[in-house]
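What follows is each chain in one-letter form.
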Amino acid sequence: MMRKSFFLVLMVLSLIVRGEDGSRLWLRYDPLSAEKAAEVDQNILHIHADMTKPSLAAGVEELQKAISGFTGRVVPHSTRLQHRSVVMVVGGSRLAGRLGLNAELQAMHRDGFIIRPMVRNRQSYLVIASPTQVGVLYGVFHLIRSIKIDEFSSELTVKSEPKFDVRILNHWDNLNGTVERGYAGRSIWLWNELPGILSPRYKKYARANASVGINAMTPNNVNADPLILSREYLYKVQALANVFRPYGVRMYLSINFASPMVLGGLPTADPLAPAVRQWWIDKVNEIYQMIPDFGGFLVKANSEGQPGPLDFGRTHVDGANMIAEALKPHGGIVMWRAFVYEPDGIDRAKEAYLEFVPYDGQYHPNVTIQAKSGPVDFQPREPFSPIFNGLRKTGVTVEVQITQEYTGWSDHLVYLGLQNAEMLKSETYAFGPGSTVARMTDGSLIPGRVSAFAGVANIGQDANWTGHHFGQANWYAFGRQGWDHTLCPEKIADEWIRQTFTSDPAFREPVREMMMSSLETVIDYMMPLGLHHIFAWDHHYGPEPWCYVPGARPDWLPRYYHQATKEGIGFNRTRTGSGAVDQYEQPLADKFNNLETTPEIFLLWFHHVPWDHKMNSGKTLWDEMAHIYQRGVDSVRSFQKTWDRMEPFVDAERFRHVQSRLRTQIRSAVWWRDAVMLYFQTYSRMPIPLHLERPINDLEYYKQIKLPYLHHN
Ligand code: BDP
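A brief structural summary. (Residues numbered from 1 in each chain as written. Predicted model: local features only at pLDDT ≥ 70, side-chain atom pairs only at ≥ 80, totals over all residues. Heavy atoms only, no water.)

So, about the site of the ligand. Taken together, 14 residues are adjacent to the ligand, and Glu-180, Lys-300, Arg-337, Asp-377 and Glu-405 come closest. Here Lys-300 contributes a side-chain N or O atom positioned 2.6 Å from an oxygen atom of the ligand. In this structure, an oxygen atom belonging to the ligand sits 3.3 Å away from a side-chain N or O atom of Tyr-406. Protein chains shield 96% of the accessible area of the ligand, which is 320 Å² for the free molecule. (Near = heavy atom within 4 Å. Polar contact = N/O pair within 3.5 Å; in protein donor to acceptor, adjacent residues only side chain to side chain. Areas by Shrake-Rupley, 256 points an atom, 1.4 Å probe, with all protein chains shown as cover.)

If you want it as structure tokens, here you go:
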């Protein structure tokens, strides 16, 4: 009793001192209820693991930390197997043999794990076993999560294997410390201090990733500075890789295709030039000497001004395969981005497909074509990119954005687990029904290729890592979905809430509901019914459907996408327009080609529609738009009410932070509604239905707004 209350006082004191700044993410190991603590106390008395294995040592450290936080008891590590131990077992070891686990482990994915109660010589253990050390660590995190979300018991039995092999975060961080499209402060990589000083955040970062199964990362922007491949920077990269290694997070790098010229002083970067090929081979060898488990390269080539093989009269295949050949002897891969939009000039949404699909089958097996989930650019809602049904003999990777470039930065509460799930579940029909985007990319339907899931990170130096406390959920969900894309986003949100805040249903249920409606909400007040890219120039935060910048590429301007006229609005991608519908498989192509069968959520993506077109609701298109924008605003209002009711359940610091962000969100939502409706009204010349809220400023006011908020870094 004495001991317990002393412990509680200590915990409370430490909370007061530390404050609740969100820095612990979902890995908050606070005291459990007496009943739950007793269950843990009874079942986990010792931990047994081979401490010479770094990932197992990390697992022991984590479990000890968690249990001491949960129950106040330090669980000793024991070199002997003892009754009621957690036993960590790696496939192929003597211990695995003694426990009879080797055959089963051999048949498993290398990152997979088993958690199983076992009884030997009248002693009972909770075994966590995997073919690899890192897999055991994943099992440890699973066990800790089970405790937090009330799924733990002495009978806990789990067998879990990841769906994607490579689950990778792409940081768009520049070497000067800024972050492209980052809204959580400056870069966490302190390049100037590296390799000598290792910020404690690096290990915390790796731990957080391991806890959700993320096993790879690129630290630098896809608009890559060639300097990253210099010897000087490789030492820095090596230092980071060493910190990440025990947590199974492998280092990859974004590279600049012209590096052989800029760094190597060659006159060309032509992928067929022998000197260039040799330069890459030498560079790759140098990297593997320093980082033996290096993962490979991410390449943005011939896109938005980046150099690439096309500059030398070669193809993407030539470029990707040259680099793949340099990496192959070491087991490395090339993640070659498909975010290109040059050739056709009629419809940007068609271009990645046109540029990559004709070469299907020609890429080496260690190349994966990394394509954004939608055909344009991480919009609040897009249909899936047809490249996922076009490439059938090539490894393809879905790239999603975790950072909220197009969904309100870190100011708006938007749960992107929903957006990922919508994309991954989309039916492509490439090999008939069941050919979802997830199955086209996870190796199930195109075996023998790289299987990967990539996300553009939302992490920065902010104390809470992601700017918005709810941005953490997007990092969390990305990892969980990379591990298992069949997990329901609602379950993921629920897990995250319970670990990050509380399991109390009076908090958990309303907050989960808020998260579950948050994606539809942002779509409603930004770009409903298939509207897309009517964002303001460059910053992509607010609306600017009128935007015109002299000399700018037409496909960087909103009018290109909304095509509003006095008659109607929307991009005609049917057979009478750009014909993009025919990049989809049947029956989708016909379905999208026909106004009547196109789902209304994609209406203006595929069709140019008269303002008085009759919608399913019976309203005209114009009235429907007005209602939907209002619905988005109303929904943010309801988020505010929900959150204010949550005050008793949350620490003051996080409560106020989220409350303040919701206030920003409602102001932005009203801004979006008014600006977009007033602007399109100049075309439709129809009234905003009188029972809806009236605009609070006139159009001229909104047109004056330029970057109203400072950049976040
Ligand atoms: C766009 C971003 C730009 C990125 C580009 C990319 O606005 O900053 O460099 O995507 O993905 O959405 O390469």
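Bringing the sheet that holds strand S11 (residues 367-372) into the picture now. With respect to topology, eight strands assemble into a closed barrel ordered S6-S7-S8-S9-S10-S11-S12-S13, the strand pairing being parallel. Pairs of neighbouring strands in the sheet enclose a mean axial angle of 25°, with direction left out of account. (Pairing = 2+ DSSP bridges. Helix = DSSP H or I, 4+ residues; strand = E, 2+ residues; numbered from the N terminus. Axes fitted to C-alpha atoms, helices over the stretch in contact; angles between N-to-C directions.)

Relative to the 26 Å expected for 18 residues at 1.5 Å per residue, helix H3 (residues 54-71) spans 26 Å between its end C-alpha atoms, a close match to the ideal helical length. Of the residues making up H3, those classed as buried are Ser-55, Leu-56, Ala-58, Gly-59, Val-60, Glu-62, Leu-63, Ala-66, Ile-67, Gly-69, Phe-70 and Thr-71. Immediately beyond the C-terminal end of H3, within one or two residues, lies Gly-72, with a positive phi of roughly 80°. (Expected span 1.5 Å × (residues − 1). Buried < 20%, exposed > 50% of the residue type's maximum accessible area, 1.4 Å probe, protein only.)

Of all hydrophobic cores here, the largest spans 218 residues; its most connected members are Phe-244, Phe-297, Trp-336, Trp-643 and Phe-680. Once residues lying within four places of it in the same chain are set aside, the contact partners of Trp-643 are Phe-470, Phe-501, Phe-507, Val-511, Met-514, Val-650, Arg-654, Phe-655, Val-658, Gln-659 and Leu-662. In terms of nonpolar packing, the next biggest core, distinct from the first, is built from 14 residues, Val-87, Leu-101, Ile-114 and Ala-129 among them. (Core = buried A, V, L, I, M, F, W, Y, C linked by side-chain atoms within 4.5 Å. Contact = heavy atoms within 4.5 Å.)

The next subject is the packing of aromatic side chains. Scanning the model with the defined rule gives 50 aromatic pairs in all. Ring geometry for Trp-26 against Trp-475: centres 5.3 Å apart, planes inclined by 85°, an arrangement best described as edge-to-face. Taken together, the positions of Trp-26 in the loop between helix H1 (2-18) and helix H2 (34-43) and Trp-475 in helix H16 (residues 471-483) put the pair 449 residues apart, joining distant regions of the chain. An aromatic cluster is present here, built from Trp-26, Trp-189, Tyr-202, Tyr-205, Phe-244, Trp-465, Trp-475 and Tyr-476 joined pairwise through their rings. Between Lys-236 and the ring centre of Tyr-233, over which it is positioned, the NZ or CZ distance is 5.2 Å. (Phe/Tyr/Trp six-rings, centres within 6.5 Å; stacked < 30°, edge-to-face > 60°. Lys NZ or Arg CZ within 6 Å of the ring centre and 35° of its normal.)

The next subject is unusual backbone geometry. At the junction of Leu-194 and Pro-195, the peptide bond is cis and its omega measures out at 0° in the coordinates. Mapped onto the elements of the fold, Pro-195 is located in the loop between strand S6 (166-170) and helix H7 (200-211). Going from Gln-586 to Pro-587, the amide bond is cis rather than trans, its omega being 5°. Along the chain, Pro-587 turns up in the loop between strand S14 (568-569) and helix H20 (588-593). Located in the positive-phi region is Asp-150, a residue other than glycine, with phi close to 65°.

So, about the environment of Tyr-125. Relative to the assigned elements, Tyr-125 resides in strand S4 (residues 123-130). The exposure class assigned to Tyr-125 is buried, which follows from its relative accessible area of 6%. As for Tyr-125 and His-83, which are separated by 42 residues in sequence, their C-alpha atoms are 6.4 Å apart. Once you skip the residues sitting within four places of it in the chain, Tyr-125 turns out to touch Leu-81, Gln-82, Ser-85, Val-87, Arg-116, Pro-117, Met-118 and Arg-120. Reaching out from Tyr-125, the side chain makes a polar contact with the side chain of Gln-123 at a distance of 3.1 Å.

Mapped onto the secondary structure, Thr-436 falls in the loop between helix H14 (417-425) and helix H15 (437-441). Assessed through its relative accessible area of 15%, Thr-436 is described here as buried. Residues in contact with Thr-436, not counting those within four places in the same chain, are Leu-424, Lys-425, Ser-426, Glu-427 and Thr-428.

Time to look at the sheet that holds strand S3 (residues 113-120). Reading across the sheet, the five strands line up as S1-S2-S4-S3-S5 and stay open at both edges, with mixed pairing between neighbours. Only two strands of the sheet have a single partner each, and these edge strands are strand S1 (46-48) and strand S5 (158-160). Taking the axes of each pair of neighbouring strands and ignoring which way they run, one obtains an average angle of 25° across the sheet. Relative to S5, S3 is paired through three bridges, and the arrangement is antiparallel. When the bridges of S5 are listed, Phe-113 appears paired with Ser-160. Contacts from H3 reach S1 and strand S2 (85-90) within the one sheet, and its direction differs from that of S2 by about 160°.

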